[in-house]
Amino acid sequence: MYFHMRYVFFIFILIATLANLALVVINYKYAFGLLLTLPLTLLGIRDLLQSKHNLLRNYPLVGHFRWLFEKIRPQIHQYLVESNTDGRPFNRDDRTVVYERAKKEGGIKPFGTEIDVYSDDYRWVNHSITPKHYDKELYKVLIGNEQCSQPYSSSVLNISAMSFGSIGAHATAALNKGAHLGEFAHDTGEGGISEYHREFNGDLIWEIGTGYFGCRTDDSHFDEALFAEQAILEQVKMIEVKLSQGAKPGKGGMLPGEKVTQEVAITRKVPAYEDCISPPSHSAFSTPIEFLEFLSKLRGLSRGKPTGFKLCIGERFEFLAICKAMLETNIYPDFIVVDGAEGGTGAAPLEFSDHVGTPLHEGLLFVHNALVGINAREKIKIGASGQIITGFGMALNMALGADWCNSARGFMFALGCVQSQRCHTDKCPTGVATQDSKRQRGLVVDEKAPRVVNFHHHTVWALGEIVAAAGLHHPTELCPRNICYRLGPTTIRTADRIYNFLQPGELLEGTDQPGYREFWKMATADSFDPALDWKETQIKFAPMFHDAAL
Ligand SMILES: Cc1cc2nc3c(=O)[nH]c(=O)nc-3n(C[C@H](O)[C@H](O)[C@H](O)COP(=O)(O)O)c2cc1C
């Protein structure tokens, strides 16, 4: 007879069940054993007969351990296996520093660094023999050019966009309360302004995405009147149009029906408990010029509040097309937020998170250079987001061109997020990224709001200490020369020697820089399509594109 060891456990349980049955016939008091083995036997038989899972058909009963271990693997890995520096997206050291700073427990590292300072990706800030003093009062950035009548004095660190819907009511309220207490801004995300954004009166950046949630007509287009009604609220300090987001650029979004509760539906102005779709592109404009006219309209409707946009850099000529449109229309956004491919999301296809969009440093440098190249850098402030959760992360990005930084997941950690990566399931174990009221019970707003404040305060303080150690007064004085990169065992370069930087007006005068020259020729203010034939251009300028990285 054909028999294999993989059936041993099942056969053992089967025999035990038969034995228990016999015992029960003798005396019903033996029923307890049967209660244990009979369900297992039935499960084993079901495993053998079902056709969905190969493993269970071949390994009845024991095959279930595979699913059990798969389920607890992330926890085992995170708590027992992972080292302090190798977890992803955020390693243990990074998460711990946020937890400690949020709880005012220090964020101090004893005994010395665990980072290999001779590895090829090591970076550091050069310090000065004459450090300065950190002055908290100086750590503000004025956003708003001469086309805006209500400039906003922003913190150098703000809460990045996370929509009500992707995160819950308690999380939204705790973030907003923290923003109010700590005097920094809270980006609404594309899900509209909910009552939880309003409760504590923290400064808001109102984000408008392709779904125009909160300001949309019944057929999903932009509604001017609904926009104006909320944009003039005192609490709304800036308006941000989302073109794309680093974790899923070029892709719209979908909030699954079960997360579209009555409250979410009312805020977004969509039907409850139906999948809520944001399309991949905007319907309010289709060319670079129309885009800037749209921004100008929003600025007008908001009575002159700073108005800008957020994007992850993709096709370079498209961003340069917006630059050309600025020159042609004389409409300048007040700010641009550059999001990196390393950014987070509530849900995105793996391929998009892993392989679509430009990482933050390259995107940021490109935007900074393009604006310098058209003499518009003074008019437009740049925000940066993408895994920035420490003072050094802020310093690095500010040296490369950012005026301020945003953090989404840093603030989620401050709320108690444990990086379980289940935001899309509505089963967030810490009650942050869920609409389930029972799970949200775990997140107590009054307890977590001070942690949001503490994380912000101590991170900006850490930035301040770095800036002061570098001999500077303000983080905007940081420049590429302050950051050193190790490129090999004996090669070190400062960022200004690694990346290309354009001179003021260089794009207007005609640049020779690879990565800009050809893309500038391809850009046109009238269309997001390339001005030159795409195929012909690729053949003609192939070497330039290879060099295009920076
Ligand atoms: C749960 C979650 C929801 C998000 N929702 C939005 C959103 O509505 N709009 C948006 O522009 N970005 C959204 N983002 C992206 C963040 O605003 C940010 O750009 C990105 O996560 C990078 O920052 P981080 O690395 O600090 O998280 C979301 C991110 C997360 C984690």
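Structure first, text after, so check above.
Since the structure is predicted, the reported quantities are computational estimates derived from the model, not experimental observations. Residues take numbers from 1 onward in each chain, read along the sequence in its written order. Restriction of local features to residues with pLDDT of at least 70 applies here, the model being predicted, together with a cutoff of 80 or more for giving and counting side-chain atom pairs; totals for whole chains, interfaces and linings are based on all residues.

By our criterion, buried Ala, Val, Leu, Ile, Met, Phe, Trp, Tyr and Cys residues that link up through C-beta atoms within 7 Å make up a nonpolar core. We call a residue exposed when 12 or fewer other C-beta atoms sit within 10 Å of its C-beta, buried when the count reaches 20 or more, and partly exposed for counts in between; the C-beta positions come from the backbone. In this structure, Val338, Val367 and Leu415 are the most contacted members of the largest nonpolar core, which totals 123 residues. A run of H or I in DSSP becomes a helix once it reaches four residues, and a run of E becomes a strand once it reaches two; helices and strands are each numbered from the N terminus. Per-element tally for this core: the top contributor is helix α17 (residues 445–469), with 10 residues. It is the C-beta atoms, placed from the backbone, that decide contacts: two residues are in contact if theirs lie within 7 Å. Leu415 has contacts with Ala171, Ala174, Val432, Leu443, Lys448 and Val452, leaving out every residue within four places of it along the chain.

Take the site of the ligand next. Contact assignment follows one rule, namely that a residue is near a molecule or strand if its backbone-placed C-beta atom lies within 6 Å of it. Around the ligand, a shell composed of 29 residues is seen, among which Ala161, Gly189, Gly343, Gly344 and Ala408 lie nearest. Asp, Glu, Lys and Arg are counted as charged, while Ala, Val, Leu, Ile, Met, Phe, Trp, Tyr, Cys and Pro are counted as nonpolar; the rest, among them Gly, fall into the polar class. Partitioned by chemical class, the residues of the shell around the ligand number seven nonpolar, 16 polar and six charged.

So, on to the pairing of strand β6 (residues 204–208). Successive residues of a regular strand alternate their side chains across the two faces of the sheet. Most of β6 is tucked away: five of the five residues are buried. Across the two faces of β6 the burial is the same, with Leu204, Trp206 and Ile208 and Ile205 and Glu207 all buried. Examined bridge by bridge, strand β5 (residues 186–187) and β6 share two bridges and lie parallel to one another. By the bridge assignment for β6, His186 is matched with Leu204. Note on pairing: DSSP must find at least two bridges between two strands before they are called paired. Across five bridges, β6 lies against strand β7 (residues 236–242) in parallel orientation. Paired with Leu204 across the strands is Val236, a residue of β7.

In the contact formed by helix α1 (residues 8–26) and helix α2 (residues 31–49), the axes pass within 8 Å of each other and the chain directions differ by 140 degrees. Relative to α2, the element α1 lies oblique. In this structure, α1 meets α2 at a crossing whose hand is left-handed. Here α1 contributes Phe10, Ile13, Leu14, Ala16, Thr17, Asn20, Leu21, Leu23 and Val24 to the contact with α2, which in turn contributes Ala31, Gly33, Leu34, Thr37, Leu38, Leu40, Thr41 and Gly44. Class assignment for the residues of the contact of α1 with α2 results in 11 nonpolar, six polar and no charged. Axis lines are fitted through C-alpha atoms, for helices just across the contact stretch, and the angle between N-to-C directions can take any value from 0 to 180 degrees. Angular relationships are summarised with four words: roughly parallel below 35 degrees, roughly antiparallel beyond 145, roughly perpendicular across 65 to 115, and oblique for the angles in between. The hand of a helix crossing depends on one turn: near helix anticlockwise from the far one by less than a right angle means left-handed, and clockwise means right-handed.

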